[in-house]
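Read off the chains here:
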Amino acid sequence: MNIAANVGPALALEVADADSIAELRHQADRCTRCDLYRNATQIVFGEGPVKSEIVLVGEQPGDEEDLAGRPFVGPAGRLLDRCLEEAGLDRRRCYITNAVKHFKFTPRGKRRLHAKPNAGEIRRCAWWPGAELNVLQPKLVVALGARALRAARAEGEADAGARPYPASGKPSACPGHHPPLLSLAHPRRGRSAPAAPNFRVRSAQGGGVSVPSEG
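Residues numbered from 1 in each chain as written. Predicted model: local features only at pLDDT ≥ 70, side-chain atom pairs only at ≥ 80, totals over all residues. Heavy atoms only, no water.

**Considering the overall build of the protein chain**
Stated precisely, the cut-off is as follows: Numbering goes from the N terminus for both helices and strands, where a helix is a DSSP run of H or I of at least four residues and a strand is a run of E of at least two. Working definition: with a 1.4 Å probe on protein chains only, accessible area under 20% of the residue-type maximum means buried, over 50% means exposed, and in between means partly exposed. In this description, contact between two residues means that some pair of their heavy atoms is separated by no more than 4.5 Å. Per-residue accessibility takes into account occlusion by the displayed protein chains alone, with areas from the Shrake-Rupley method and a 1.4 Å probe.
Scanning the protein chain for helices and strands turns up seven helices and seven strands. Moving toward the C terminus, one meets the helices and strands of the protein chain in the order α-α-β-α-α-β-β-β-α-α-β-α-β-β. For the protein chain, with 215 residues in total, the buried portion stands at 53%. Excluding contacts between residues fewer than 6 apart, the proportion of contacts in the protein chain whose partners are at least 24 apart in sequence is 75%. About 10,200 Å² of surface is accessible on the protein chain, with carbon and sulfur atoms providing 48% of the total.

**Observations concerning the packing of aromatic side chains**
Test applied: Stacked, tilted and edge-to-face are the three classes applied to pairs of Phe, Tyr and Trp rings, where Trp contributes its six-membered ring and a pair requires centres within 6.5 Å; stacked means planes under 30 degrees apart, edge-to-face means over 60, and tilted covers the rest. We call a charge positioned over a ring when the NZ of a Lys or the CZ of an Arg lies within 6 Å of the ring centre and within 35 degrees of the ring normal.
A complete count under the given rule lists three aromatic pairs for this structure. Measuring from centroid to centroid gives 6.4 Å for tryptophan 127 and tryptophan 128, while their planes differ by 90°, and the two rings are edge-to-face. Relative accessible area serves as the criterion here: at 3%, tryptophan 128 is assigned to the buried category. Linked through ring pairs, Phe45, Trp127 and Trp128 together constitute an aromatic cluster. Here lysine 101 stacks its cationic end above the ring of phenylalanine 45, 5.1 Å away from the centre of that ring. In this structure, arginine 112 packs its charged tip against the face of phenylalanine 105, placed 4.9 Å from the ring centre.

**What about helix H6 (residues 127-136)?**
Of all ten residues in H6, nine are buried; the element is thus mostly enclosed. One or two positions beyond H6, positive phi appears at glutamine 137, with a value near 55°.

**Quick word on the pattern of salt bridges**
Pairing is possible between side chains that carry opposite charge, provided their charged atoms lie close to one another. Where we set the bar: What counts as a salt bridge is simple: a side-chain nitrogen of Lys or Arg found within 4 Å of a carboxyl oxygen of Asp or Glu.
Across all of its chains, the model carries ten salt bridges by this definition. Note that glutamate 53 and lysine 139 form a salt bridge whose closest N and O atoms lie 3.5 Å from each other. With glutamate 53 in the loop between helix H2 (21-28) and strand S1 (54-58) and lysine 139 in the loop between H6 and strand S5 (140-144), this residue pair connects regions lying 86 residues apart in the sequence. Glutamate 132 is paired through a salt bridge with lysine 101; the nearest N and O atoms lie 2.6 Å apart. With a gap of 31 residues between them, glutamate 132 in helix H6 and lysine 101 in the loop between strand S2 (95-98) and strand S3 (105-108) connect regions that are remote in the sequence. On the basis of relative accessible area, lysine 101 is assigned to the buried category, the value being 0%. One network of salt bridges, with partners in common, ties together Asp63, Asp66 and Arg112.

**Examining the nonpolar core**
What tends to happen in soluble globular proteins is that the nonpolar side chains get buried as a cluster. Defined as follows: What is meant by a nonpolar core is a set of buried Ala, Val, Leu, Ile, Met, Phe, Trp, Tyr and Cys residues, joined one to another through side-chain atoms within 4.5 Å.
Core analysis: the biggest nonpolar cluster contains 24 residues, and Ala16, Ile21, Leu24, Phe45, Val55, Tyr95 and Trp128 have the highest contact counts within it. Elements with a minimum of two residues in this core: H2, S1, helix H5 (119-125) and H6. It is H6 that contributes the most residues to this core, five residues altogether.

**Things to note about the side chain of lysine 101**
Which entries qualify depends on this criterion: Residues adjacent in sequence count toward polar contacts only when both atoms are side-chain atoms; beyond that, a polar contact is any pair of N or O atoms within 3.5 Å, and within protein one must be able to donate a hydrogen and the other to accept it.
For lysine 101, the side chain forms a polar contact with the side chain of glutamate 132, separated by 2.6 Å. Apart from residues no more than four positions distant in its own chain, lysine 101 is found in contact with Gln42, Ile43, Val44, Phe45, Gly46, Pro61, Cys125, Trp128, Pro129 and Glu132.

**A short note on H2**
Short version of the rule: An arc is given here, and it is the one of the directions from the helix axis to the C-beta atoms.
Taken as a whole, H2 has its buried residues at Ile21, Leu24 and Ala28. For H2, the angular spread of buried residues about the axis comes to 60°, placing them on one side. Residues of H2 that are exposed and point more than 90 degrees away from the buried face comprise Ala22 and His26. Contacts made by the buried residues of H2 are with S2 and H6.

In structure tokens, the structure reads:
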């Protein structure tokens, strides 16, 4: 069943055709759909159980993820682990991925600073997360922060007048999405959200999540 288009317009575009996550990952290893592959160390594909009911979607890999080839293993990943633990949800039961699969950065001396993917890069990369959702058929998709949500919904910064989540930092559901698309605030944003958010998002697994966006 093609469910990717129900999650957001960016994923309504043509997506990769595969019968399994393993097949998608093999295809993605050779991805040159945008220029981000030229400077990235490697592609960072999603990981997790193929029967997971929850898919967590970040914006793009960070520096540590680019080097390790795995999503959410850097600082944002450690924060994600803590939040999931407090929510009573086992990370190993979630599928974790990013809207953009290669690390985009600006060199600053020996450091590589995160750079925001542009609309064209997001559209080109939607080929992969859209296919992941079609294979996984999850019951809940969680956008980890505003940028991940905009990536799925094909929104630019200028479209963000209606915030995907309220200033309170509480989760916000996007109506009319099947599977449901949930947006959660990044706890490091300039809002008064606690360091370890204490709300829960109920899921088919009986747990909940409150999470960061980049990884």
